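Topology and contacts: notes
The primary structure of each chain is shown beneath.
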Amino acid sequence: MSETEHERVELPEEVVEFLVESNENLDRLDQDLVALETDPANKERISSIFRTIHTIKGTCGFLGFTRLEAVAHVGENLLSKIRDETYTLDAEKTDVLLEMVDVVRGYLAKVSATGTEGTEEHADLISKLQHLVDGKPPPKPRTKRSVRTKSVSSNAFVFSDEPEPTKTESVGVDTATKEPDKLLPEIKETPPASESKVLAEVKNNISDSSVRVDVSLLDNLMDLVGELVLARNQILQYTSTDSSSALSSTTQRLNLITSELQENVMKTRMQPIGTVLAKFPRVVRDLANSCGKKVDLVFEGKETELDRTIIEAIKDPLTHLIRNSVDHGIETPEQRRLLGKKENGILRISAYHESGYVNIEISDDGSGIDPEKIKAKAIEKGIVSSDLAMKLSDRETTALIFAPGFSTAEKITNVSGRGVGMDVVKTNIEKIGGSIDVVSTPNQGTTFKIKIPLTLAIVPALIVSCTGERYAIAQTSLVELLKLDEEQIKKAVAVIDGRAVLRLRGKLVPLVDLGSLLRLNPSKDIQLLDSINVVVVQGEHGPFGISVDGVVDTQEIVVKPLGKQVKDVGVFSGATIMGDGRVALILDVGGVASAGALDGSNSRNVGSKEGVPEEGSEHESKTLLVVRAGDNSRLAISLESIDRLEEFDVGDVEWAGAAPVVQYRDAIMPLLWLSSALGSVSSSNEEQSLYQVVVHSVGSRSVGVVVDDILDITEVSVKIDPYSARLGVLGSAVIAQKVTEIVDLSVIVESFLSSYEGIGV
Amino acid sequence: MKSATTGDALQFCSFYLGDLFLGISVSAVQEVIRTQVMTPVPLADPCVSGLVNLRGQIVTALNLRRQFGLDPSYPKPPMNIVISYSDGAISLLVDEIGDVITVNPDTFEAVPETLESSYKALLEGVFKLDGTLLLLLNLETATQIGAFA
């Protein structure tokens, strides 16, 4: 045989995968068919055979092997009739089906050798199968039981040391010798022996370079390595107190070997993300064609590796996002031309590692997400109230696409837009400990950023302490760590309505105290503490801080599930074993957020929450914001009527007609001076550069109420004396030993707005 | 205490809980271990004493005294009877471990009707032994939390 015959065709990865898989399946198929003949009622086997042929047919279609597909197609038809019990499998059908299996094998062999399926049509077999499908006897009934018995010998599920090459060879010889006239005339042209040898080598190469290992074995290995890591951590801890040098050097070695072992075992389960991406060019192409769009798909970081369980888990979410980008994101060539963009939209999928995580970005240069459209849709679908929608930032608005039941497609296409999807995408990604974020600029494009852990079994975590116990927080959700001293606490921590908030670079971040959340210690007044450690984490509804007693360490932890007796707690996602052998609980950030009532329902509306004291008579406990406005009058505003506290630069104030306004959250917010509304003169210094503004909303309209100074937030049980009651003032009360007027903000704002609307803004 | 031929005899791991003399089938018991370092689970049902590391396996320890409505504090460090399930193991904390007792199934009787219903639910029945009664613990209800809170 010549060298050229030896020259192997470089097969694309998906073809190699197809070959390995199909060959294994076919071996099982032989067995199944024979077993079925004696036990034709075994539904499981019929279904299994059907699935195998169906898969082969499907993959062929995908890879463009039309002839093979044609054969598999009629075979599948026959099998489906058998499966549906229209026919029973008798010897005749078994023979024809086995013949089909051999033909399929022949094709696969050809593919394996040359990369193409050849030109053989096998019309004869197809017509035989078709006859059987139609319920007619095949034109030329033949029996070839020998073929069957030959190929039964192998077990498809044995993967380890099965002598694959021999098997292939025998199959090759079988097909070539048993049906030299029918089966593979192409192969026959070359000497059969050399052909099969080439095939054997091809297969040899494919199966030699890799061993198919049962996934559960890998999972076991991974578990064991997890245990080993724990044992190592414990030994490390013990030896740190022991100074014996022999022991400590051995421990060092153990440490290194364990780390390396862990890494390598993890690698066995790793697959390049390219295996998922490989199917996307086709998906994108077909989709773009059907939408009449032009899309260039660009991959970056195809070789980025991920745990196989994660690869499986992101397949569907990624497909959905890509479909979404093509369907909704990228515009038609005409629209693009009008916008001065290139006709071909660019869809870029990039994957890269970043500190123990894999980031996958799917970005298009399409139309982007219009926040206004999203808002309108969300209101229409009842996902948010119109009040709430007005208060959302663009980013928050964009995130609404992940809300259940949301779909922006103006018309429902067969591709996407059926109202399922983005929420499922998000849930699926969160299920594997990942997060998804979307950034969009109208007319410039949308980028979805998915952050997923490399593996699910061992995760890097931050260990914090609280009342003597340690808790782990997965680093995926970690944003930053802060340590505030007394001074900083005074500056940055405020308590509104019994809930602490932290001013973090100009943003308000809710703060929960882990100890009181877990009811380990009575809630304490954070503002009186000397120092606090705050772990800022990314919750579903934005970042929030968890104050803990101390930050211990970062560690790789092995996540272990909790027993059913403690699963319901919700705050913990699992447990792990620390270096000293003790169990530590893993905090579930989402659970902590909802336990701290930081989920959407309350986070935006700090004023209203459960636990607001019952509405009493005039003697009720209320949380009040004490402000100064006008002369020296102290005024108190119920926090329930306040949406937010803001500061505006004097320079931000613009004029709409005669009315001062500021731009606030993409809307125009009129400003109202509390002092003048109450008929007194503002006592503030004219040169002040910042306005303290209390934002109050009526319907969708926010109004900024300017006060001179914010003095205090206090929860008091006040007795309102109606002495000074007038429009907008309920009366007076003694708060902190000082007489304070209680302002009814809604009345003031409403009367202000009625005049304000009058001047036509 | 043997009162029957081994052929139809049943074996129980006996233990004490307050004044109660209880038993569970030996086949259900994975192992019996001494008091372990325990990690409490905040916010969990009070019947959950904590989590124990049993050779890398995380075991939920249940306060059986609380299940029976007894004084929840153990007079001395409790013993763990570890019961293995397919979805993890749990440990029952008991005052003291007794012998493995072989009993004659004929001595079995249902729980006396007069017992409090919460007790009845936690027991499967009673074996009449010489001079004492062995209460057969109903593992299913005893490992359920919140049911008798």
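Summarised in this report is the structure supplied together with it. (Residues numbered from 1 in each chain as written. Chains lettered and ligands numbered in written order. Predicted model: local features only at pLDDT ≥ 70, side-chain atom pairs only at ≥ 80, totals over all residues. Heavy atoms only, no water.)

Description of the sheet that holds strand E1 (residues 10-17) of chain B
If you trace the 6 strands from one edge of the open sheet to the other, you get E9-E1-E2-E12-E11-E10 (chain B), paired in mixed fashion. Of all strands in the sheet, those with a lone pairing partner are strand E9 (96-103) and strand E10 (108-109) of chain B, marking the two edges. (Pairing = 2+ DSSP bridges. Helix = DSSP H or I, 4+ residues; strand = E, 2+ residues; numbered from the N terminus.)

Describing the packing of aromatic side chains
For any two aromatic rings, the description comes down to two numbers: the centre-to-centre distance and the angle of the planes. Inspection of every chain in the model, using the stated rule, returns 7 aromatic pairs over all chains. Seen from their ring centres, A:Trp673 and A:Tyr691 are 5.4 Å apart, and the 90 degrees between their planes marks the pair as edge-to-face. In this pair, A:Trp673 sits in strand E24 (residues 667-673) while A:Tyr691 sits in strand E25 (residues 690-698), placing the two residues 18 residues apart along the sequence. Classification of A:Tyr691 as buried rests on a relative accessible area of 15%. Between B:Phe12 and B:Phe127, the ring centres sit 4.9 Å apart and the planes meet at 45 degrees, which makes this aromatic pair tilted. A residue pair is termed long-range when its members are at least 10 positions apart, and B:Phe12 in strand E1 and B:Phe127 in strand E11 (residues 123-129) qualify at 115 residues. (Phe/Tyr/Trp six-rings, centres within 6.5 Å; stacked < 30°, edge-to-face > 60°. Buried < 20%, exposed > 50% of the residue type's maximum accessible area, 1.4 Å probe, protein only.)

A short note on the pairing of strand E18 (residues 583-587) of chain A
Residues and elements named next belong to chain A. Burial analysis of E18 places 5 of its 5 residues in the buried class, which makes it a mostly covered element. Sheet topology note: the strand E9 (residues 469-474)/E18 ladder contains 3 bridges and is parallel. If you follow Ile473 over to E18, its bridge partner there is Leu587. Strand direction decides the pairing type here: strand E17 (residues 572-577) and E18, joined by 5 bridges, are antiparallel. Its bridge partner lying in E18, Ala575 is registered against Leu585. In this structure, the hairpin formed by E17 and E18 is closed by a connection of 5 residues, where Gly581 is found at a positive phi of approximately 90 degrees.

What to know about the sheet that holds strand E26 (residues 701-707) of chain A
Residue and element names in this part refer to chain A. Ordered by their spatial adjacency, 6 strands build an open sheet running E21-E25-E26-E24-E23-E22, and the pairing between neighbours is mixed. Both outer strands of the open sheet, strand E21 (644-649) and strand E22 (654-656), are each paired with one neighbouring strand and no more. Between one strand axis and the next, the sheet turns through 45 degrees on average, direction left out of account. In the sheet, E25 pairs with E26 via 7 bridges, with the strands oriented antiparallel. Bridge pairing links Val694 to Val705 in E26. (Axes fitted to C-alpha atoms, helices over the stretch in contact; angles between N-to-C directions.)

As for the interface of chain A and chain B
Facing the 23 residues of chain A at the interface are 21 residues of chain B. Taken over both partners, the interface formed by chain A and chain B buries close to 1,800 Å², and the fraction arising from carbon and sulfur atoms is 68%. Mapped onto the side of chain A that touches chain B, the elements with two or more residues apiece are helix H11 (215-239), E9, helix H23 (564-567), E17 and E18 of chain A. Element by element, the count of residues in the side of chain A that touches chain B is highest for E17(A), at 4 residues. (Contact = heavy atoms within 4.5 Å. Buried area = accessible area lost by both parts, 1.4 Å probe.)

Observations concerning the environment of A:Val479
Residues and elements named next belong to chain A. Structurally, the position occupied by Val479 is in strand E10 (residues 478-485). Take Val479: its relative accessible area is 43%, and that puts it in the partly exposed class. Considering only alpha carbons, one finds Val479 and Val536, 57 residues apart in sequence, at a separation of 5.3 Å. With residues near it in sequence (within four places) discarded, Val479 still touches Val536, Val537 and Gln538.

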